[in-house]
Amino acid sequence: TVLAGPGTGEKRESVAAMAIEALDEVGGETIVQRPGHLAARIDRGHAIVVQVADDDAAWARGLLESCLRTMLPSILAVERGQRLVNTARDLENHRVVERRISERLSAVRDVEELGAAVKDLAIQLFDIEFTGIYFRDPGSHLLRLVGAHGLEPEEVAEAERTAWQRHPGRVIRNGETILVDDTRSDDLGRSSTSPARRVEVRSRCYLPVETDGEVVGTLGLASSRPRAFGKDHIGGLEFLASLAGLTWSRLLEQRRRETRDQILIASGDAAERLLGAMRWEDVLPGIMDMLERSFKAETAWYIAADGAAIGSRERSHFPTAFVDAVARGDHGGITGRGDAPAPGFEGVDPRLAHPWVAVPIISKQSVRGVLLVVDKEDGRVHDSHSIAALRAFGEPLAAKISRDELEERVSHADRMELLGQMAGGVAHDINNLLMPVLGLASNLARSEADPDRRKSLLDIQLAAERGRDFVEQVLLLTRRRVATDELTNLSEVDRKSTRLNSSHANISYA
């Protein structure tokens with residue numbers, strides 16, 4: 001560019017050509033001489049061109065060199081000053097931009113607000129037709145478009161569906177910045193416009209969104225104009241992408257903390273209900289409701305070992321193989337995304353069509369059942385934290401089941417003790433009644449001369465002896481007698497039993 005100098009356009013073009021030649025000079029010469037002109041390079045961006053007669057060329061060259069020695073320090077000082085002024089202005093503008101970005105993102109409360117804030121800031125900073133921020137789902141590896149400008153709802157759905165195969169997925173995998181000057185020159189087709197889009201996209205720009213060294217998303221820009229983005233866009237948006245990553249990390253940790261606090265409070269309430277209940281079955285429906293609310297889930301289930309299930313809204317039945325799979329979980333439970341059959345199911349069950357988490361209820365080394373929580377929609381990823389949160393409900397329930405069973409056993413033992421006391425008292429009374437019969441029958445049999453009457457008295461004595469033995473057995477069962485080892489003459493027992501039975505038969509027959 002010719003900054004000053006008279007002459008027609010043709011002369012100015014020749015002067016510009018001489019300046020370019022002087023600027024391109026890479027040797028030691030700072031002055032280039034051509035017929036009618038002298039050109040001196042001041043620095044890599046400026047040159048002085050002087051038009052002189054050929055006879056005065058030597059004199060003019062010396063004068064030009066003297067001028068350079070005199071003027072060059074001042075010229076360079078002015079140039080450096082101007083660069084410093086421009087740099088300071090750029091830094092101030094950059095600080096203003098950073099302050100605006102920081103203030104806006106610090107007030108963000110959820111992921112949707114984060115996407116809207118990034119979209120608004122990108123529009124304010126640059127003239128951008130289309131913008132959006134994608135975040136990665138670490139479990140399903142799907143990309144969610146949370147901030148979109150210039151896109152219809154169906155276009156957003158299409159962009160999310162194909163994002164992993166296009167440039168956003170490439171940015172997530174490699175963590176690189178992608179700048180596409182013209183999408184029509186992309187031979188791989190990753191920059192082509194979807195048929196669902198109303199306007200053809202001709203240029204694209206994608207920057208990684210990182211937090212703690214991990215790429216969690218990408219900031220995408222698009223335009224219907226070729227070569228719409230350059231280094232200025234990348235430099236200006238790098239800070240925005242960086243703060244977006246930090247904000248996303250803050251929101252994720254905040255959501256986890258809030259959910260954890262809600263679950264801990266709810267699990268404490270559930271434990272109090274269990275402690276105050278007569279039986280754990282009485283408060284089980286209420287605990288299912290608390291699980292559903294604290295996890296913000298679609299439904300919660302208690303599945304018994306036989307598969308019978310009680311939900312927060314209905315009753316159902318699950319395969320026992322699912323209960324066994326949950327009990328064998330390596331981390332104290334298992335999780336699922338809902339897009340694949342759960343263990344024990346042949347296909348995707350409608351009750352488990354969304355992300356879910358399940359933990360076993362174990363009491364006395366025995367699996368009593370399973371707690372299952374199913375989300376309302378896709379997108380949430382359950383991990384070891386979800387298992388630990390659900391176990392906060394399962395462990396008090398298992399403890400209550402064990403306590404109820406212990407109380408039942410103690411109560412049964414008390415009832416048996418009372419029954420034993422009653423049986424012992426009755427046995428003593430019967431024994432007191434049998435003793436006179438036994439004694440009188442024995443005395444009468446010894447003094448009886450009639451054989452038939454004597455045989456009847458002996459039968460009465462034998463029946464009384466058997467009654468006495470029965471009383472002894474009752475007292476032994478009620479622990480009123482100590483068991484001892486005795487030798488029993490089986491032939492004598494058989495003889496007495498046969499005689500008594502035959503006597504009873506004769507009496508019945510008569």
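Coordinates for the structure precede this section.
(A) Fine view of the overall build of the protein chain. Looking only at helices and strands, the protein chain features 11 helices and 14 strands. For the protein chain, the proportion of its 510 residues judged to be buried stands at 37%. Put simply, 53% of the contacts in the protein chain that link residues at least 6 apart link residues at least 24 apart.

(B) How the structure looks around the side chain of S312. Inspection of the secondary structure assignment puts S312 in the loop between β10 (308-311) and β11 (315-317). There is a polar contact of 2.6 Å between the side chain of S312 and the side chain of E292. Side-chain polar atoms of S312 contact the side chain of T299, separated by 3.1 Å. If sequence neighbours within four positions are ignored, S312 has contacts with M288, D289, E292, T299 and A300.

(C) Up close: the packing of aromatic side chains. In the structure shown here, the tally under the stated rule is 7 aromatic pairs. When the ring of F318 is compared with that of F345, the centres are 6.2 Å apart and the planes differ by 85°; the resulting orientation is edge-to-face. One end of the pair, F318, is in the loop between β11 and α8 (320-327); the other, F345, is in the loop between β12 (334-336) and β13 (356-363), and 27 residues separate them in sequence. Cluster of aromatic residues (ring-pair linked, three or more members): W301, F318, F322, F345 and W356. Its end group placed over the ring of W164, R173 keeps NZ or CZ at 5.3 Å from the ring centre. A cation sits over an aromatic face here: R351 above F318, 4.0 Å from the ring centre.

(D) Highlighting the sheet that holds β13. Across the sheet, 6 strands lie side by side as β11-β10-β9-β14-β13-β12; this open sheet has antiparallel pairing. Of all the strands in the sheet, just β11 and β12 have a single pairing partner and so form its edges. Strand after strand, the sheet turns through a mean of 25° between neighbouring axes, direction not considered. Two elements, β13 and strand β14 (residues 366-375), share 8 bridges in a ladder whose sense is antiparallel. If you follow V359 over to β14, its bridge partner there is L371.

(E) The arrangement of the sheet that holds strand β6 (residues 178-180) in detail. Pairing in this open sheet of 5 strands is antiparallel, and the strands run β5-β4-β8-β7-β6 from one edge to the other. Two strands close off the open sheet at either side, each with one partner strand: β5 (143-149) and β6. Shown here is a sheet whose adjacent strand axes are inclined to one another by a mean of 15°, direction ignored. As defined by bridge partners, β6 adjoins strand β7 (residues 203-211) across 3 bridges and the pair is classed as antiparallel.

(F) Up close: helix α6 (residues 231-276). Along its 46 residues, α6 runs 67 Å from first to last C-alpha, staying within 8% of the 68 Å computed at 1.5 Å per residue. Its maximal kink placed at L237, α6 deviates by approximately 30°.

(G) Molecular detail of the pairing of β10. The alternating pattern of β10 places A309 and G311 on a buried face and A308 and I310 on a face that is not buried. Inspection of the sheet shows strand β9 (residues 297-304) paired to β10 by 3 bridges, in the antiparallel sense. In the sheet register, W301 faces β10, and the bridge partner there is G311. One ladder, built from 3 bridges, connects β10 with β11; its direction is antiparallel. The residue bridging I310 from the neighbouring strand is R315, located in β11. In textbook terms, the turn of a hairpin is the stretch between consecutive antiparallel strands, and for β10 and β11 this stretch comprises 3 residues.

Thresholds applied
Residues numbered from 1 in each chain as written. Predicted model: local features only at pLDDT ≥ 70, side-chain atom pairs only at ≥ 80, totals over all residues. Heavy atoms only, no water. Helix = DSSP H or I, 4+ residues; strand = E, 2+ residues; numbered from the N terminus. Buried < 20%, exposed > 50% of the residue type's maximum accessible area, 1.4 Å probe, protein only. Contact = heavy atoms within 4.5 Å. Polar contact = N/O pair within 3.5 Å; in protein donor to acceptor, adjacent residues only side chain to side chain. Phe/Tyr/Trp six-rings, centres within 6.5 Å; stacked < 30°, edge-to-face > 60°. Lys NZ or Arg CZ within 6 Å of the ring centre and 35° of its normal. Pairing = 2+ DSSP bridges. Axes fitted to C-alpha atoms, helices over the stretch in contact; angles between N-to-C directions. Expected span 1.5 Å × (residues − 1). Bend = angle between axes of the 7 residues up to and from the residue.

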